[in-house]
Amino acid sequence: MGSEMCIRDSVGAAAAAAAARDGGASASCGLVPTAETEAALALLAHALGCPHRRPVLLRGPPGSGKSSLVAELARRLGYGRLLCSTQLDRAVDGRSLIGMHVATGVPGEFGWQPGVLTATVRRGAWLLLEDCAPDAAATATAGDLGFGADVAALFAAVCESRRLPLPDAADA
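Residues numbered from 1 in each chain as written. Predicted model: local features only at pLDDT ≥ 70, side-chain atom pairs only at ≥ 80, totals over all residues. Heavy atoms only, no water.

Inspection of the entire model under this criterion finds 4 salt bridges. Between Arg76 and Glu38 there is a salt bridge, and its shortest N-O distance comes to 2.7 Å. Of the two residues, Arg76 sits in helix α3 (residues 66-76) while Glu38 sits in helix α2 (residues 35-49), which places them 38 residues apart along the sequence. In this structure Arg76 comes out as buried when scored by relative accessible area, which is 10%. Between Asp93 and Arg95 there is a salt bridge, with its nearest N and O atoms 3.9 Å apart. Since its relative accessible area comes to 52%, Arg95 is described here as exposed. (Salt bridge = Lys/Arg side-chain N within 4 Å of Asp/Glu carboxyl O. Helix = DSSP H or I, 4+ residues; strand = E, 2+ residues; numbered from the N terminus. Buried < 20%, exposed > 50% of the residue type's maximum accessible area, 1.4 Å probe, protein only.)

Encoded structure:
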């Protein structure tokens, strides 16, 4: 109970600071300020702030407010401009997330183009992965994911090692 109150207090204090910084404007992403919303924000803040700081999976039907909840928490904690969002589907592969070498304007020359995951990590931003599963009833098994096995393996490796695997030749 003590840590929950501390988290609620810090989320509330961050919200007050953000409102003062924004000239008192509190509307952000359309969340209705209810006790349930505040409790959900506190639980999400707690999950993200645990000692291990692991990624959090929010599941629910489309339109239930998962993305809005993350956006509101990011705004309250001062990460509003550091929230990147990307859709995951079967067209997304590990290279598009990490990055790849692409042709430059000079014939025969290639340059490193970071993917969304690499760019997000470099900025110290939050990454919101949208539509990770094809429907709300999906379980988090490889066969049910709405993206390829290489993406699932990439995220598993990143979450486990807490390191981003970049090719040796990538310009950091």
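Quick look at the nonpolar core now. The tendency in soluble globular proteins is for nonpolar side chains to be buried as a group. Core analysis: the largest hydrophobic core is formed by 11 residues, namely Leu88, Val92, Leu97, Ile98, Trp112, Leu117, Phe147, Val151, Leu154, Phe155 and Val158. Mapped onto this core, the elements with two or more residues apiece are α4 (94-98) and α6 (149-161). By residue number, the principal contributor to this core is α6, which donates 4 residues. Setting aside its immediate chain neighbours within four residues, Val158 contacts Arg163, Leu164 and Pro165. Leu41, Leu44, Leu73 and Leu128 belong to the second-largest nonpolar core, a separate cluster that totals 9 residues. (Core = buried A, V, L, I, M, F, W, Y, C linked by side-chain atoms within 4.5 Å. Contact = heavy atoms within 4.5 Å.)

Let's shift gears to unusual backbone geometry. Located in the positive-phi region is Arg162, a residue other than glycine, with phi close to 60 degrees. Relative to the helices and strands, Arg162 is located in the segment after α6.

Scanning the entire structure with this criterion turns up 1 aromatic pair. An angle of 20 degrees between the planes, with centres 5.1 Å apart, marks the rings of Tyr79 and Trp126 as stacked. Remark: Trp126 occurs in strand β4 (residues 126-130) and Tyr79 occurs in the loop between α3 and β1 (83-87); sequence separation between them is 47 residues. (Phe/Tyr/Trp six-rings, centres within 6.5 Å; stacked < 30°, edge-to-face > 60°.)

Next up on the list: the packing of α2 against α3. Between α2 and α3, whose axes approach to 10 Å, the crossing angle comes to 70 degrees. One way to sum up the angle between α2 and α3 is to call them roughly perpendicular. Facing α2, whose interface residues are Thr37, Glu38, Ala40, Leu41, Leu44, Ala45 and Leu48, α3 presents Leu69, Val70, Glu72, Leu73 and Arg76. (Axes fitted to C-alpha atoms, helices over the stretch in contact; angles between N-to-C directions. Parallel < 35°, antiparallel > 145°, perpendicular 65-115°, else oblique.)

Another aspect to go through is the environment of Thr86. Inspection of the secondary structure puts Thr86 in strand β1. A C-alpha to C-alpha distance of 5.9 Å links Thr86 and Glu130, two positions 44 residues apart in sequence. Contact partners of Thr86, with chain neighbours within four places excluded, come to Val116, Leu127, Leu128, Leu129 and Glu130.

Low-pLDDT portions of the prediction should not be read for the details of their coordinates. Here the chain averages 75 in pLDDT, and 70% of its residues register 70 or above. The low-confidence segment residues 1-27 (pLDDT under 50) makes 19 contacts with residues lying over four places distant or belonging to another chain. Counted against residues more than four places away or in other chains, residues 134-140, with its pLDDT under 50, gives 13 contacts. (pLDDT = per-residue confidence, 0-100.)

Spanning 13 residues, α6 covers 18 Å between terminal C-alpha atoms, matching the ideal 18 Å at 1.5 Å per step. Taken together, the buried positions of α6 are occupied by Val151, Leu154, Phe155 and Val158. For α6, the angular spread of buried residues about the axis comes to 90 degrees, placing them on one side. Residues of α6 that are exposed and point over 90 degrees away from its buried face: Ala149 and Glu160. On the buried face of α6, the contacting elements are α4, α5 (116-123) and β4. At the C-terminal side of α6, Arg162 shows a positive phi close to 60 degrees. (Expected span 1.5 Å × (residues − 1). Arc of directions from axis to C-beta.)

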